[in-house]
Amino acid sequence: MTKIFLCASMNFYKELVQVETDLIAKGFEVDIPVSAKTMKAKNDFVVENFKGRTTSLQKGLYIKENFDNIASSDAILVINNEKNGILGYIGPNVLMEIGLAFHLNKKIFVWNQFSDDAAYKDELLALDVRVINQDLDKIHV
């Protein structure tokens, strides 16, 4: 069974959980970030209720666990909606996860097209990310 790890800014976790459900229905094994699991369990997707509630040490442990989950996956799917007027927003943590996936030779899928003026556009192109435009049928691992 193909395993996919979902990556996203916390602002997009509600949609990430829906994508998780949709991927499972299509027969994928899916894992999500530690903080997304917490939000999902509490059915609370208000970022302000979670942001800044962990220590730097805890955040580092979450990042490591997410990295371990990427390492055991076949691919990642980045949920990158609009945030603060930026189309296809990808934050620093997700950019690290993309870099790791590339280094580990994982397939990298991106939910939405990213902005042409994104500071990280050249890096994403170099990492051979595949934009699926919200079409899960375009995921082939």
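Above this text is the structure in question.
As the structure is a computational prediction, the values presented were derived from the model and not from experiment.

Concerning the side chain of Asn112
Position of Asn112 relative to the elements: it lies in the loop between strand 4 (107-110) and helix 5 (121-126). Of the residues examined, Asn112 reaches a relative accessible area of 15% and is grouped as buried. A distance of 2.8 Å separates the side chain of Asn112 from the side chain of Asn81, its partner in a polar contact. The residues contacting Asn112, other than those within four sequence positions of it, are Asn80, Asn81, Val131 and Gln134.

Some remarks on the environment of Glu65
For Glu65, the position within the fold is in helix 3 (residues 56-71). Under the relative-accessibility criterion, Glu65 is labelled partly exposed at 38%. Considered as a pair, Glu65 and Lys40 are 25 residues apart in the sequence and their alpha carbons are 17 Å apart. When neighbours within four sequence positions are excluded, Glu65 is seen to be in contact with Val34 and Lys37.

Quick look at unusual backbone geometry
If you check the backbone angles, Asn43 has positive phi at about 50 degrees while not being a glycine. Topologically, Asn43 is positioned in the loop between helix 2 (34-42) and helix 3. The phi dihedral of Asn84 is positive, around 55 degrees, even though this residue is not glycine. Inspection of the secondary structure puts Asn84 in the loop between strand 3 (75-79) and helix 4 (92-103).

Overview of the side chain of Ser115
With respect to the helices and strands, the residue Ser115 is situated in the loop between strand 4 and helix 5. In contact with Ser115, not counting residues within four places along its chain, are Leu87 and Lys121.

Concerning the packing of aromatic side chains
Within this structure, the stated rule accounts for one aromatic pair. Here Phe12 and Tyr89 contribute two aromatic rings whose centre-to-centre distance is 6.5 Å and whose plane-to-plane angle is 75 degrees, an arrangement assigned as edge-to-face. One end of the pair, Phe12, is in the loop between strand 1 (3-8) and helix 1 (13-25); the other, Tyr89, is in the loop between strand 3 and helix 4, and 77 residues separate them in sequence. What makes Tyr89 buried here is its relative accessible area of 18%.

Criteria and thresholds
- Residues numbered from 1 in each chain as written.
- Predicted model: local features only at pLDDT ≥ 70, side-chain atom pairs only at ≥ 80, totals over all residues.
- Heavy atoms only, no water.
- Helix = DSSP H or I, 4+ residues; strand = E, 2+ residues; numbered from the N terminus.
- Buried < 20%, exposed > 50% of the residue type's maximum accessible area, 1.4 Å probe, protein only.
- Polar contact = N/O pair within 3.5 Å; in protein donor to acceptor, adjacent residues only side chain to side chain.
- Contact = heavy atoms within 4.5 Å.
- Phe/Tyr/Trp six-rings, centres within 6.5 Å; stacked < 30°, edge-to-face > 60°.

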